Amino acid sequence: MGNQGEIELIKSPIQGFIADLHHRYQHLQDGVVANYIPELAKVNPKLFSIAIATVNGDVYAVGDVDHLFTIQSISKVFVYGQALADRGRDYMLTRVGVEPTGDAFNSIILDEQSKRPHNPMVNAGAIATTSLIKGNDPTERLNRLLDMYRRYIGHDVFVDISVFTSERSTGHRNRAMAHLMLNFGMIDAQIEPVLDLYFQQCAVMVNCRDLAVMAATLANKGVNPLTQETAVDSGCIKDILSVMYTCGMYNFAGEWAYKVGIPAKSGVSGGIIAVVPGQMGIAVFSPPLDSRGNSVRGVKVCEELSQEFGLHLFDCSSRFWDKLGMIAAPTFRNGN
Ligand code: DON
């Protein structure tokens, strides 16, 4: 938490716990940084930060919290929310499904019958989603997305031009997917401006603290807990968190739901966000990835946080109620 870090470290059990997690996992060497976008391969694999923002507006952070990196696939969550707000849920469902794939984030598979991409968290679904962002021209559409990010974070953001152009000149797989969807009428717009906007939304620069505040905004019914500005209509939150829960961690989504049990999203630059509805947003940044494209340290940290604070959505013995000195749920007796 910037210059308040040391005070928080002594006072808060949350700050103490994330500082301990950071200390324990900073020497973990597993994983490899993404290199299929050439510019991403230049990152320092040692960078590591953890941040938690509560719905009350408290922020706890440790490590390289000011380091800026590109948001990559974590953008898919927020752009899906914007597309839901722009087009409505029923229309979105005609263009992008909500089924987990069990496949990698970049799989070139569409639903056999409907020809829709399976969900908005994989690349194909995210590209289709981006094509539905409203605006009269490419500049207006980009500005609408940048303004959306600003509402979630609380300050202006910008696109890293070198990462954007690096992906634009090498992203042939995404280009192939866009053409396939154009072929099936799942994209109406011209391909290149859609891909440009998708690569730009992925190349927006954030730090770990920003991501925690974005996640906390989702946890707080779409209202940024630091600025009180509405970032997304509260009616979209349930839909956004549902696809994060079932699809956000790609072909690790099932195991993640089982072990960690909260909606989450990862990105190839090494970020992970997780949302505890009504309570907090969590963010971890550490570039080395596992074979499914999820940050190795990020997964470990989230597993431990969930365990320590009883965050799993289906954990009926939630320590939250214990802390309030209340009984978790009414006890049902046979025959009553
Ligand atoms: O489209 C891509 O491949 C990247 N811009 C984003 C992929 C990504 O972050 C997947 N996450 N694990």
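Rules of the game
- Residues numbered from 1 in each chain as written.
- Predicted model: local features only at pLDDT ≥ 70, side-chain atom pairs only at ≥ 80, totals over all residues.
- Heavy atoms only, no water.
- Helix = DSSP H or I, 4+ residues; strand = E, 2+ residues; numbered from the N terminus.
- Buried < 20%, exposed > 50% of the residue type's maximum accessible area, 1.4 Å probe, protein only.
- Contact = heavy atoms within 4.5 Å.
- Domains from an automatic or database assignment.
- Buried area = accessible area lost by both parts, 1.4 Å probe.
- Near = heavy atom within 4 Å.
- Polar contact = N/O pair within 3.5 Å; in protein donor to acceptor, adjacent residues only side chain to side chain.
- Areas by Shrake-Rupley, 256 points an atom, 1.4 Å probe, with all protein chains shown as cover.
- Nonpolar A, V, L, I, M, F, W, Y, C, P; charged D, E, K, R; others polar.

This brings us to the side chain of His22. Counting through the fold element by element, His22 comes out in helix α2 (residues 13-25). Look at His22 and you get buried, because its relative accessible area is 12%. Here His22 is in contact with Phe48, Ser49, Ile50, Val62 and Gly63, once residues within four sequence places are set aside.

Our next topic: the domain arrangement of the protein chain. When its domains are assigned, the protein chain resolves into domain 1 (13-68 + 208-323) and domain 2 (73-202). Relative to domain 2, the C-alpha centre of domain 1 lies at a distance of 22 Å. Contacts between domain 1 and domain 2 engage 36 residues on the former and 34 residues on the latter. Each partner contributes to the roughly 2900 Å² buried at the junction of domain 1 and domain 2, and carbon and sulfur atoms together form 70% of this total.

Let's shift gears to the site of the ligand. Taken together, the neighbourhood of the ligand is formed by 14 residues, with Tyr36, Gln72, Ser73, Glu167 and Tyr198 sitting nearest. The contact in question runs from an oxygen atom of the ligand to an N or O atom on the side chain of Asn174, over 2.9 Å. Separating an oxygen atom of the ligand from a backbone N or O atom of Val268 is a distance of 2.8 Å. Burial of the ligand by the protein amounts to 99% of the accessible area it has alone, namely 340 Å². Across the shell around the ligand, the residue classes break down as 6 nonpolar, 7 polar and 1 charged. Mapping the shell around the ligand onto the domain boundaries places at least three of its residues in each of domain 1 (13-68 + 208-323) and domain 2 (73-202).

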